[in-house]
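Architecture and fold: a report
Residues per chain are reported as follows:
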Amino acid sequence: MTPPPPRYPVFLSHPNIFASKFNSPIDLFPLQHQCVCVLVCEEEVFLKLNCYDFVIKMANNHNYKNGGVKTKSIASSSYSSGIKSKPPVTSRRNSTGSTVSGRVRVAVRLRPRNSEELSSDVDFADCVELQPELKRLKLRRNNWDSDTFEFDEVLTEFASQKRVYEVVAKPVVESVLDGYNGTVMAYGQTGTGKTYTLGKLGDEDTSARGIMVRAVEDIFAETDSISVSYIQLYMETIQDLLDPANDNLCIAEDPKSGDITLPGASLIEVRDQQSFVELLRLGEAHRFATNTKLNTESSRSHAILMVHVKKSVSVSGENVSSKSHTNRTMKPPVVRKGKLIVVDLAGSERIDKSGSEGHTLEEAKSINLSLSALGKCINALAENSSHVPVRDSKLTRLLRDSFGGTARTSLVITIGPSPRHRGETSSTIMFGQRAMKVENMLKIKEEFDYKSLARKLDLQVESLIAQHERQQKAYQDEIERISLEAKKQISQAEKSFADTLEKERLKYQRDCMESIKKLEEQLAANKFKEESLHNRPNEELIEAKKLLHNETLLRKAAEDKVKNLQNQVVQWKRSEVAGNAEILKLRKMLEDEVNQREKREEEISELQNQLLQLSFDADETRKQLESGDHSVDMSGDMGSLISPVRQPQMKYSGEQEKGSVAKLFEQVGLQKILSLLEAEDPDVRIHALKVIANLAAEATNQEKIVEAGGLTSLLALLTSSEDENIHRVAAGAIANLAMNETNQELIMSQGGVSLLAMTAQNADDPQTLRMVAGAIANLCGNDKLQLMLRAQGGIKALLSMVRCRHPDVLAQVARGIANFAKCESRASTQGIKNGKSLLIEDGALVWIVKNANNEASPIRRHIELALCHLAQHEGNARDMITGGALWELVRISRDCSSEDIRILARRTLSSSPSFQVELKRLRLNAG
Ligand SMILES: Nc1ncnc2c1ncn2[C@@H]1O[C@H](COP(=O)(O)OP(=O)(O)OP(=O)(O)O)[C@@H](O)[C@H]1O
């Protein structure tokens, strides 16, 4: 045999891989003659090739420019020129991407020797030698020579049914599931195992299951949309194996697509594998078979199983699931419709060998004829002949798509080992070799699955209807709820409105009633006013009458009153006459009284003159004493202190008392009497005190009393006792003691003036004040004690006692002032004192001027003397002029009843330059 022309076989493991990797027609690289170009999509594919005898050289490992596929240049190590190499498995996809080219794949399967061959051919070697690793088959010409053939697969007698399925049919089944038509066909001499390979059911032994069962099993794994037709071509008639009544089916051909169909054939939708097997069993039962020499169960027809497969595929970006039913622009799902045709050809036979006769012979002829037609077509296709005699046989017509059509075709040629059938085996091998040259154009059968879409849409519609109904129900429920709620609210609103209306009505009614009432009242008032207006004249008349009546009554009463008054006037006139007489009488009595009072006043004046005379005499006596005569008895002063007006009686009683006191003094003793001053019995104390006071009136006792501590005791009584009688008598006793100059100094040194001033301040009794004033007045007559007296508050105390208007007190105050003024006058005359009188400085001048003309002559006489003494000191002149004392001096010089005082006043006025100047200014002359 001449070696085949150089070719570049291309191995592809799977059309999908092929399709996915190659997007454009492949331009193979021009390679070396000896080289084989293997386009490997995946390493796995390459390994599948089992190219053990190739040494792979990674001579060229660069990317193929269009497909991005690695190309590997593989050098053949020992490629024999005698090998009938396989044509390359080329696949070409058209520009639309829907079709690809694919060569018919051919595998050769060697049946094991059967029992007959085992016995009769025992001494002979098999006519074939298989090299499965090299996918080669050697057909012996003789003992030393053989022809080598290369196939796509070489399956030895030991190849399992599973292996055969996977090598021969599985790729086709996968293509069918991808939407291509596929053909698996068995061709071979009768009795070589075609039916065994394809149609074995494997009831007892599942491992023996043939391609039909396994293929459908795989298809069921991918889709459950399977429909099956099963026919046989027998003697150029087509019979329905699933419905034998259909024994003359017609072949229909789509003028546009050229698809071959059998419209009359049963198309059974198969749900599961078991159903399919039953269908196969049914078909098998109807298949023509006969017992020949070569095969006890020789099939006398070509059996064709057509499996229609539909498989929905997801379109990119689209989801065909029910979830996408909301997509209004949803495209119909794409369904791929593949058709798997499994062709169990009747076996070619040599009539002479098979021993066919009669009808069987006819059958054999028909079989051979149809197989011959098939061979011719394949030859034509293998040689790219322009004419392919497809129409020569129904078989070729039925298999038009499988060879040179759109199907992916895998052919398994079955051969026996017997050298006796070497010629048939050779013929079969050559058939296979030619078939390997046939190129098909695989075309994917995809279409939109409108039915599925319609179903889905129906489901969607139903779902939407259900959803709508649910929504409708929900809406209705909601409407019902809202309606109920609204009714409830309306009811509440109505009730509320009715309540409010009722309230308003009641309020309005109430208001109306009140308004009506007010209006009625107003109306009544208006009526009353109206009536009043009508009745007013009468009322005024009545009122006027009333007034008139009242006026009349008043006038009458007034007249009565006038009458009474007139009567009273008469009465009063009468009484006046009587009264006048009485008045005259009373006036006479009053005149008498006045006369008597004047008489008494004259007497009083006389007595006062006498007293003043006595006082004057006393002063004179003092002067004499001062001039050396100390024999003057001071008891008279004491008597005048106690009761000047009763002096005569005092003198008498004093004599008596003096006698008894002297007697008491002698008998009891001074010390004892003084101790009684501290007796608890107040009567004892007061009597003792009175005794001391009487004793103190005697000049002879005074020294004794002082020596015995009497003065101290008396002064102490002023502070220790709160009894005013004690104060009065003690003050009187101190006054008596104060007649002695020595005692005066002692009193002064023992703070007697302060104690007397304190007693004067607290006393209210005029007699107490008179005693205190008398004591201070005595002290005022001491020239040495002037300043000390004033310093101990003697002057102030003296002047303060004028608050008691009792004349006895005032007389003692006036005496004290006169004594003090006389001492100052003397000191001034002697030049010892300068400046203003302390009396004037202590404010005594006002009281002096005011009382200078006092009615009580003792007071008046002492003040007149005091004014004369003050006037003798020129330093007092200014104050005396401004204080009104000058006028009193003028008066004294003119009007004083005592001539001595008048003379003294005149002398004083005339001797004072200031007074002279003032008198001149006033154009006055002293008396
Ligand atoms: N590979 C095999 N292993 C074992 N037995 C086999 C094998 N192939 C075939 N046989 C047996 O060989 C006999 C014939 O096989 P089969 O009927 O399948 O041949 P065939 O090619 O279909 O014949 P025909 O064309 O006459 O119908 C059967 O008894 C079958 O069991």
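Residues numbered from 1 in each chain as written. Predicted model: local features only at pLDDT ≥ 70, side-chain atom pairs only at ≥ 80, totals over all residues.

**Here's the deal with the pairing of strand β20 (residues 408-415)**
The cut-off we apply is this: Neighbour counting defines burial: a residue surrounded by 20 or more other C-beta atoms within 10 Å of its own C-beta is buried, one with 12 or fewer is exposed, and intermediate counts give partly exposed, using backbone-placed C-beta atoms. Secondary structure elements follow DSSP: runs of H or I of four or more residues count as helices, runs of E of two or more count as strands, with numbering from the N terminus. Whether two strands pair comes down to DSSP finding at least two bridges between them.
β20 sits mainly inside the fold: 8 of its 8 residues count as buried. Side chains R408, S410, V412 and T414 of β20 all project onto a buried face; the interleaved residues T409, L411, I413 and I415 project onto the opposite face, where all are buried too. Of the strand pairs in this sheet, strand β5 (residues 105-110) and β20 are connected by 6 bridges, and their pairing is parallel. Its bridge partner lying in β20, A107 is registered against V412.

**Considering the environment of S914**
The topology assignment puts S914 in helix α32 (residues 913-922). Sequence separation between S914 and R878 is 36 residues; the distance between their C-alpha atoms is 7.3 Å.

**Overview of the packing of helix α25 (residues 807-829) against helix α28 (residues 857-871)**
Basically, it comes down to this: Geometry is summarised by axes, namely lines fitted to C-alpha atoms with helices restricted to the contacting stretch, and by angles between N-to-C directions that run from 0 to 180 degrees. Roughly parallel means an angle under 35 degrees; roughly antiparallel, over 145; roughly perpendicular, 65 to 115; everything else is oblique. Note on convention: the crossing is left-handed when the near helix lies turned anticlockwise from the far helix by less than a right angle, right-handed when the turn is clockwise. Think of it this way: build a C-beta for each residue from its backbone, and any pair within 7 Å is a contact. Here the term charged refers only to Asp, Glu, Lys and Arg, the term nonpolar to Ala, Val, Leu, Ile, Met, Phe, Trp, Tyr, Cys and Pro, and the term polar to all other amino acids, Gly among them.
Where α25 contacts α28, the axes come no closer than 8 Å and their chain directions differ by 20°. Relative to α28, the element α25 is oriented roughly parallel. Every pair of crossing elements has a handedness; the one defined by α25 and α28 is left-handed. Contacts between α25 and α28 pair P807, L810, A811, A814, R815, I817, A818, A821, K822 and S825 from the former with P858, I859, H862, I863, L865, A866, H869 and L870 from the latter. Here the contact of α25 with α28 is composed, by residue class, of 13 nonpolar, 3 polar and 2 charged.

**Some words on the UniProt feature "binding site: ATP" (unreviewed entry) in the protein chain**
Where we set the bar: UniProt positions are given in the numbering used here, feature names are shortened, and annotations may be inferred rather than shown by experiment.
According to UniProt, the feature "binding site: ATP" (unreviewed entry) maps to G188, Q189, T190, G191, T192, G193, K194 and T195 in the numbering used here. Tracing the sequence through the fold places G188 in strand β10 (residues 181-188). With sequence-adjacent residues up to four places away left out, G188 is seen in contact with K194, G347, I413, T414, I415 and T428. Here G193 is to be found in the loop between β10 and α5 (194-199). Excluding residues within four positions of it along the chain, G193 makes contact with R109, R111 and T414.

**Observations regarding the site of the ligand**
Heads up, the rule is: Any residue whose backbone-placed C-beta atom lies within 6 Å of a molecule or strand is treated as near that molecule or strand.
For the ligand, the set of nearby residues contains 18 residues, the closest of which are T190, G193, S298, S299 and G347. Among the secondary structure elements, those contributing two or more residues to the shell around the ligand are α5 and β17 (298-299). Among the elements that line the shell around the ligand, the one with the most residues is α5, at 3 residues. Counted by class, the shell around the ligand contains 3 nonpolar, 12 polar and 3 charged residues.

**Some thoughts on helix α4 (residues 161-177)**
Defined as follows: A residue's bend is given by the angle between axes fitted to the 7 residues ending at it and the 7 residues starting at it.
Remark: the principal bend of α4, roughly 55°, maps to A169, with a proline, P171, within the next four residues. Of the positions making up α4, those classed as buried are Q161, V164, Y165, V168, A169, P171, V172, V173, S175, V176 and L177. Count one or two residues on from α4 and you reach G179, which has phi positive near 105°.

**Observations regarding the sheet that holds strand β7 (residues 136-140)**
As summarised here, the arrangement of the 3 strands in space is β6-β7-β8, forming an open sheet in which the pairing is antiparallel. Either end of the sheet is taken by a strand with one partner, and the two such strands are β6 (128-131) and β8 (146-150). For this sheet, the mean angle separating the axes of adjacent strands, direction not counted, is 20°. Pairing analysis gives 5 bridges linking β7 to β8, with the strands arranged antiparallel. Counterpart to L139 in the pairing with β8 is D147. Running over the sheet, helix α11 (residues 422-435) touches β6, β7 and β8 and is turned about 145° from β7.

**Here's the deal with the environment of A871**
Relative to the assigned elements, A871 resides in helix α28. Owing to 27 C-beta atoms within 10 Å, A871 belongs among the buried residues under this scheme. The spatial distance from the C-alpha of A871 to the C-alpha of L909 is 7.3 Å, given a sequence separation of 38 residues. With sequence-adjacent residues up to four places away left out, A871 is seen in contact with N876, M880, L889, T908, L909, S912 and F915.

**A look at the packing of helix α22 (residues 766-780) against α25**
Look at α22 against α25: their axes get within 8 Å of each other, and the N-to-C directions meet at 10°. The orientation of α22 with respect to α25, classified from their angle, is roughly parallel. Two secondary-structure elements touch here, α22 through P766, L769, R770, A773, G774, I776, A777 and C780 and α25 through D808, V809, Q812, V813, R815, G816, N819 and F820. Partitioning the contact of α22 with α25 into residue classes produces 9 nonpolar, 4 polar and 3 charged.

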